[in-house]
Each structure stands twice: as C-alpha cells, then as structure tokens.
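Observations on the three-dimensional arrangement
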There are 2 protein chains.
Amino acid sequence: MVEYKSTLDGIFLSLANPTRRDILRRLAPGVQTVSELADHYDLTFAAVSKHLQVLERAKLVHKRKSGREQRVELSPTGLQQADKYLEQYRKLWEEKLDRLEMFLKNDK
Amino acid sequence: MVEYKSTLDGIFLSLANPTRRDILRRLAPGVQTVSELADHYDLTFAAVSKHLQVLERAKLVHKRKSGREQRVELSPTGLQQADKYLEQYRKLWEEKLDRLEMFLKNDK
DNA sequence: TTTATATTCAACCATTTAGTTGAATACTAT
DNA sequence: ATAGTATTCAACTAAATGGTTGAATATAAA
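Residues numbered from 1 in each chain as written. Chains lettered and ligands numbered in written order. Predicted model: local features only at pLDDT ≥ 70, side-chain atom pairs only at ≥ 80, totals over all residues. Heavy atoms only, no water.

1. Details of the protein's contact with DNA strand C
Ser35(A), Ser49(A), Thr44(B), Lys50(B) and His51(B) are the nearest of the 25 residues found near DNA strand C. In the environment of DNA strand C, a phosphate oxygen lies 3.5 Å from a nitrogen or oxygen atom belonging to the backbone of Val34(A). At a separation of 2.2 Å, a phosphate oxygen of DNA strand C approaches a polar side-chain atom of His51(B). Mapped by element, the contributors of at least two residues to the surface near DNA strand C are α3 (34-38), α4 (45-57) and β3 (69-74) of chain A together with α4 (45-57) of chain B. (Near = heavy atom within 4 Å. Polar contact = N/O pair within 3.5 Å; in protein donor to acceptor, adjacent residues only side chain to side chain. Helix = DSSP H or I, 4+ residues; strand = E, 2+ residues; numbered from the N terminus.)

2. Regarding helix α2 (residues 18-27) of chain A
All names here are of chain A. Along α2, seven of the ten residues are buried, which leaves the element largely enclosed by surrounding structure. Where α2 is concerned, the buried positions are Thr19, Arg20, Arg21, Asp22, Ile23, Leu24 and Leu27. Where α2 begins, one side-chain oxygen reaches toward the backbone nitrogen of Thr19, 2.9 Å away; that side chain belongs to Asn17. (Buried < 20%, exposed > 50% of the residue type's maximum accessible area, 1.4 Å probe, protein only.)

3. Focus: the relation of the copies chain A and chain B
For the pair of chain copies, the relating transformation is a rotation about an axis with a translation along it. Least-squares fitting of chain A to chain B yields an RMSD of 0.0 Å, with the superposition described by an axial translation of 0.0 Å and a rotation of 180 degrees. Such a combination of rotation and displacement between the chain copies is what one expects of a two-fold axis. Distance from the rotation axis, computed per C-alpha, reaches its smallest value in chain A at Phe12(A): 2.6 Å. Comparing interface residues between copies, 100% of those in chain A also lie at the interface in chain B; the contact surface is shared. (Least-squares fit on C-alpha atoms with pLDDT ≥ 70 in both. Contact = heavy atoms within 4.5 Å.)

4. So, a nonpolar patch on the surface
Residue and element names in this part refer to chain A. Taken together, Leu100, Phe103 and Leu104 make up a surface patch of nonpolar side chains, about 320 Å² in accessible area. With respect to the helices and strands, Phe103 occurs in helix α5 (residues 76-106). When its relative accessible area of 52% is taken as the criterion, Phe103 is described as exposed. (Patch = residues over 30% accessible without salt bridge, like charges linked within 9 Å, V, L, I, M, F, W, Y side chains within 5 Å. Areas by Shrake-Rupley, 256 points an atom, 1.4 Å probe, with all protein chains shown as cover. Salt bridge = Lys/Arg side-chain N within 4 Å of Asp/Glu carboxyl O.)

5. Thoughts on the packing of aromatic side chains
One pass over the full model with this rule turns up five aromatic pairs over all chains. Centre to centre, the rings of Phe12(A) and Tyr85(A) are 5.5 Å apart; their planes meet at 70 degrees, and the pair counts as edge-to-face. Pair noted here: Phe12(A) is in helix α1 (residues 7-15) and Tyr85(A) is in helix α5, with a separation of 73 residues, a long-range link. Neither Phe12(A) nor Tyr85(A) differs from the other in exposure class; each is buried. Cluster of aromatic residues (ring-pair linked, three or more members): Phe12(A), Tyr85(A), Tyr89(A), Phe12(B), Tyr85(B) and Tyr89(B). (Phe/Tyr/Trp six-rings, centres within 6.5 Å; stacked < 30°, edge-to-face > 60°.)

6. Quick notes on the interface of chain A and chain B
Contacts between the two partners involve 27 residues from chain A, matched on the other side by 27 residues from chain B. Surface buried jointly by chain A and chain B totals about 2,600 Å² across both partners, of which 70% is contributed by carbon and sulfur atoms. Its largest share of buried area at the contact with chain B, chain A owes to Arg21(A), Tyr89(A) and Trp93(A), together 20% of the area lost on that side. Two residues, Asp83(A) and Arg90(B), come together in a salt bridge whose shortest N-O distance is 2.6 Å. The interface formed by chain A and chain B holds six residue pairs in polar contact (both at pLDDT 80 or more) in total. Looking at the side of chain A that touches chain B, the elements that each hand over two or more residues are α1, α2, β3 and α5 of chain A. The dominant element in the side of chain A that touches chain B, judged by the number of residues it contributes, is α5(A), at 13 residues. Taken together, the residues of the side of chain A that touches chain B sort by class into 18 nonpolar, two polar and seven charged. (Buried area = accessible area lost by both parts, 1.4 Å probe. Nonpolar A, V, L, I, M, F, W, Y, C, P; charged D, E, K, R; others polar.)

Quick look at the structure:
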C-alpha cells in the first residue's frame, strides 16, 4: 500500500466506501472486535481486516490489541479533520442556499 | 462511467483527490470557466475536464453553458450532504476529545 | 503440547481511477 | 466560408482499489 501525500486523501477515500462507512456506524456505540465487525458482512475476514487498515491509516479508527483480539474503536481525529475541511465551505454554501430560497420565495 | 449506489460514494470519492479539492478551492470566490481552471494545473485540458465531470456528478459543482464556454461554480448540495454525514459523528468525537483532555489535565 | 481461534500477510485477479493522445463537436470571429 | 477557440468524447495505459485464497503468526483453551 502507498502512503498518502495528504491526510485528507486517506480520510475521504475511506469515507467513499459504503462498507467502511457502515463499519464506522457500527462503531459509534462503542468498541468492537474485528470478528464482531466481520460477522455482519458478506465478505471474507481478510477483506474486512483490510478495510480496517484503511480506516486506521486515515485515523478514523484506532485498534488496540487485547490478547488475541483486536478491539477497534472510533478515533476522533480523522472525522474532525474532515469536518474542519468542510467548515471552510459551510458559510459559502449556506449563503448560496439562502439566496436560492430567497429567489424562490420572491418568484412564487 | 458507472453510477454510484450512494451519493456519498461520489461526494467522498471526489474529495479524496487533491486536484479536485484544489478546483473547489479556486471556485470558492466565484465562477470560473473550464479553461481558466485548467490553466493552473500541469494536466491536459481533458484531464481537468474529467475531474469536473466527477465533481459535477457528485453535485459539488454545477456547470452552465455560455456560448462555447462552460461556466463552473460551486454547488451547495454535495458539500452540504457531506457535512450532514459528518454531523452524526460530531457529538461523538467532541465527547471523546473532551474526555481525552480531561484525562490529560488530571494526569499532569 | 496439541488444537482451536483471531488476525494479518502475500500473492493474485477484476474493476475503477487518473492520466494521456487524437478526433469530434460546437460556437466565435474573420 | 474558414479558421480559431472551448470543450468533450473515445480509446488506450498505468496504477490503485476491493476483493479472493491460502499460508503465517500469535494467543487461548483442552
């Protein structure tokens, strides 16, 4: 696997995959092992393990070893960075949407 | 090209590429033509045109024809959807970060 | 100590992505 | 009408992604 130039590359690439977004969803309530996660998908264990590697490199999850298991949990850093990126555009698109709303209102 | 199952696939895939993120950045101040955008990259015109197609399918930009030119502008919908997705996790990671901060404070 | 469980690694394959080049289309200006 | 400009399309390539299988490793249980 290749290193990313930008962290955002890895974060957004991670989020671009529905299985990986689903993994994040399942981790929201709390820690899960790799096996527990893998059970829910019609994929090989290895495939899920790879998805977790992608998520981990992007700092969207964090793994800690506990005996022979790996306990996976959400990591705030990646999501926070993604949010920070979008932040810069938030004012912009809110303005645009406001103008659009205004336009529709005056046009009825 | 293939249709995406989820809009989020297309949005996050778009954002995963640095050239495309840069295009969005350049569009923040306002409308640009395809040529104006293409000038800034060490890529063929066709390559930039393709990037814009990706962004457009994801509803991150919007194109309108004006004579033989295409005027490209930011579209609020895509960014807003990405933001909405992250929204669900915001409380979660803020809590996590708070706990971490608390922990560090009590440990000094 | 052998066996079972949890996970990763390595090698491989199909599909997608990001780029190229060259031709095609559509509009503008001469 | 002709030439130039703006953009897309089609065909192709290299590299990355998402998946598989089978072997390797590490820990736990019998």
